[in-house]
Amino acid sequence: MYQSMNYGSYPIDMHYPSMGLLETIQHCAVTCEHMTSMLHKKGMLEARGEQLAHLRDCADICQLMVDYLARGSVFSKSLASICAYICEICGNTCMQFPDEASQKCARTCLNCAKACKEFAEY
């Protein structure tokens, strides 16, 4: 009854998205939340204000994206474009810091941006 489609490397059932896409986006949200907590605990609020702001925005948009995908919202593809944009900005911001956690977060965000972009453009 449901039409199955392939969004890049993420096969998607139009009613239920693939677990791969959901896991990618969810992993990004969790990674950004963890990074935010780590920076707070290390007292790096002023030194990394822009990074913290982007991390919060990225975590929030990714969680919203997971919610939209999980319920099969007709707005999922539109939101995926915004999610990809925010994840890319967050990833590029994190990439500017040499610490291992920021570099890992950057890779996670950029991977999520790519996945969301593929989903949105299909």
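Reading the values: rules and limits
Residues numbered from 1 in each chain as written. Predicted model: local features only at pLDDT ≥ 70, side-chain atom pairs only at ≥ 80, totals over all residues. Heavy atoms only, no water. Core = buried A, V, L, I, M, F, W, Y, C linked by side-chain atoms within 4.5 Å. Buried < 20%, exposed > 50% of the residue type's maximum accessible area, 1.4 Å probe, protein only. Contact = heavy atoms within 4.5 Å. Salt bridge = Lys/Arg side-chain N within 4 Å of Asp/Glu carboxyl O. Helix = DSSP H or I, 4+ residues; strand = E, 2+ residues; numbered from the N terminus. Axes fitted to C-alpha atoms, helices over the stretch in contact; angles between N-to-C directions. Parallel < 35°, antiparallel > 145°, perpendicular 65-115°, else oblique. Left-handed = near helix turned anticlockwise from the far one by under 90°. Nonpolar A, V, L, I, M, F, W, Y, C, P; charged D, E, K, R; others polar.

A. Representation of the nonpolar core within the structure. Judged by nonpolar contacts, the single largest core of 34 residues is most densely connected at Ile25, Cys32 and Cys62. When near neighbours in sequence (up to four residues on either side) are disregarded, cysteine 32 contacts Leu55, Cys58, Ala59, Cys90, Cys105 and Cys109.

B. Highlighting the pattern of salt bridges. As enumerated under the stated definition, the model contains two salt bridges in all. Ionic pairing is found between arginine 48 and aspartate 99, a salt bridge with its closest N-O pair at 2.8 Å. Separated by 51 residues along the polypeptide, arginine 48 in the loop between helix 1 (19-41) and helix 2 (49-71) and aspartate 99 in the loop between helix 3 (76-95) and helix 4 (100-121) bring together distant segments of the chain. Look at arginine 48 and you get buried, because its relative accessible area is 9%. We classify aspartate 99 as partly exposed; its relative accessible area is 21%. Salt-bridge contacts for glutamate 118 lead to lysine 114; the nearest nitrogen and oxygen are separated by 3.1 Å. With glutamate 118 and lysine 114 both in helix 4 and four residues apart, the pair spans about one turn of that helix. Residue classification places glutamate 118 among the partly exposed residues on the basis of a relative accessible area of 21%.

C. Expanded view of the packing of helix 1 against helix 4. Direction vectors running N to C along helix 1 and helix 4 enclose 150°, while the axes themselves pass 9 Å from each other. By the criterion of interaxial angle, the relationship of helix 1 to helix 4 is roughly antiparallel. The interaxial crossing formed by helix 1 with helix 4 has left-handed handedness. Residue-level inspection shows Leu21, Thr24, Ile25, His27, Cys28, Thr31, Cys32, Met35 and Met38 of helix 1 in contact with helix 4, the latter providing Ala101, Ser102, Cys105, Thr108, Cys109, Asn111, Cys112, Ala115, Cys116 and Phe119. When its residues are assigned to classes, the contact of helix 1 with helix 4 shows 13 nonpolar, six polar and no charged.

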